[in-house]
Amino acid sequence: MRKNLAKISLSTFLLYGGVATLVYFSLFLKNIGLNDAQIGIIVSLFSWTALLARPIGGKIADSISVKFILLLGALIFSLSLFSLAAVGERVPIIVILRITTGLGFAWYSLGSLLQSVEGAHLRKFTSNVSTLSVFYLLPYFIYPYMAIRIAKKFGFPAMFVFGGISAAISIPIILSIKNTNKKEKTKVKLKIRLEIFLLGMLNFFLGWSVNVAFPFIPLIEKVRPGVDTGLFFTVVSLLSVLIRGYFGRLLPSWGKPFILIPAFLSFSAGFVVASFAVNTPIFLLGGILMGIGIGSIYPNITAMTLRTAEEARRGVTMGFVSSMGDLGFCTGPIIFGFLSYKFGLMSSFLIWAGVVAILPLWFTIKLSRKFKG
């Protein structure tokens, strides 16, 4: 179990290194002449695809094997990044590849979560998921910083190749993971209990938060040249890793619903600080606050979902909750893109701060009354 967790963690670091290079995908689209509204639509295709793909991936994982969905996802994702390096400024093909990167990422990320808890006792789920989720974030320490410098020096195609190589290296590691037993073919149906629905909605709001912060934060450089956004992702990752890997586990409410309230409020405060930042140090304070939110929200929602789900339906249950996060990822950039087009980038960050602070509260309070574990 420990060896498999170590292997899936390492492969996750490498594949998410490829994902981390895509935080500058919006800047790539801006450079080929697209406006903020168009960027929001194209960026969201990644998550629209994941929204549809994760439930299918969950059924495949439940009926065949977790390793199969891991390998398939990694292959699709790495090939898509290499293809992005070759298409130039042909927008229709870029759109197709944005969809295929979403498909590959959706299946890999779902498989990695399921793999991290296979064979573990329920009380270890939060610990295992928190450990794995550290490796989701570690690439953001360095990959975005390197990616933008590669793009500035050699062009965006070189940046996509850089990400593709990292993702491709994960494939032999996945192949070395011990095979799980082939599962019996049964009709796997999802029972959406209230707890699962509430967890899905909270994951939806997390998707809104992250997929507005990550694609649109780099555009601040276009509005305020005194702000260097390259270190933002490093700061977010550092705080998130520390919280997931160590500090968060010291909290008595870790793994329980009420940890989500201060986490969402911290995310909201990060948007407020970013909207007023005129220099890099102040801007990075916003990154610290967002890092606290990202570090706390995701592993807790995921662990609560996996503990609540029936073992035979774990794949489809996690597929549903993950797809709700994808729905947030899908709709967030579209709404924010049009807000930015109408009100301006910095004012839209303030509007979004209010949304993130208010909407998740009711769902968290309701969940705390239903969740057991």
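Residues numbered from 1 in each chain as written. Predicted model: local features only at pLDDT ≥ 70, side-chain atom pairs only at ≥ 80, totals over all residues. Heavy atoms only, no water.

Caption draft 1: Quick peek at the overall build of the protein chain. When helices and strands are tallied, the protein chain shows 15 helices and 0 strands. Relative to the globule expectation of 21 Å for 373 residues, the C-alpha radius of gyration of the protein chain, 19 Å, shows essentially globular dimensions. For the protein chain, the C-alpha atoms occupy an extent of roughly 55 × 45 × 30 Å along the three principal directions. Looking at the 373 residues of the protein chain, the share that counts as buried comes to 61%. Restricting the contact set of the protein chain to residue pairs at least 6 apart, pairs at least 24 apart contribute 84%. (Helix = DSSP H or I, 4+ residues; strand = E, 2+ residues; numbered from the N terminus. Rg over C-alpha atoms; globule rule 2.2 N^0.38 Å. Buried < 20%, exposed > 50% of the residue type's maximum accessible area, 1.4 Å probe, protein only. Contact = heavy atoms within 4.5 Å.)

Caption draft 2: Region of interest: the packing of helix 11 (residues 232-245) against helix 13 (residues 280-308). Where helix 11 contacts helix 13, the axes come no closer than 7 Å and their chain directions differ by 40°. As judged from the angle between their axes, helix 11 and helix 13 are oblique. In terms of crossing hand, the pair formed by helix 11 and helix 13 is right-handed. Of the residues in helix 13, those touching helix 11 at Phe232, Val235, Val236, Leu239, Ser240, Ile243 and Arg244 are Phe283, Leu284, Gly287, Ile288, Met290, Gly291, Ile292, Ile294, Gly295, Ser296, Tyr298 and Pro299. (Axes fitted to C-alpha atoms, helices over the stretch in contact; angles between N-to-C directions. Parallel < 35°, antiparallel > 145°, perpendicular 65-115°, else oblique. Left-handed = near helix turned anticlockwise from the far one by under 90°.)

Caption draft 3: Fine view of the packing of aromatic side chains. Here the structure, examined in full by the defined rule, presents 22 aromatic pairs. On the numbers, 5.2 Å between centres and 45° between planes, the contact of Trp208 with Trp352 is tilted. Of this pair, Trp208 sits in helix 9 (residues 194-216) while Trp352 sits in helix 15 (residues 345-370); the two residues are 144 residues apart in sequence, bridging distant segments of the chain. Look at Trp208 and you get buried, because its relative accessible area is 12%. Grouped by ring-pair contacts, the aromatic residues Phe204, Phe205, Trp208, Phe216, Phe267, Phe271, Phe336, Phe349, Trp352, Trp362 and Phe363 constitute a single cluster. Positioned above the aromatic ring of Tyr145 is the side chain of Arg149, whose terminal nitrogen or guanidinium carbon lies 3.7 Å from the ring centre. Over the ring of Phe343 we find Lys342; its NZ or CZ atom is 5.9 Å from the centre of that ring. (Phe/Tyr/Trp six-rings, centres within 6.5 Å; stacked < 30°, edge-to-face > 60°. Lys NZ or Arg CZ within 6 Å of the ring centre and 35° of its normal.)

Caption draft 4: Looking closely at the environment of Phe363. As for its placement among the helices and strands, Phe363 is situated in helix 15. Judged by relative accessible area, Phe363 falls into the buried class, the value being 15%. For Phe363, the residues in contact, after removing those within four places along its chain, are Phe197, Leu198, Met201, Leu202 and Phe205.

Geometric values such as these leave the question of function open.
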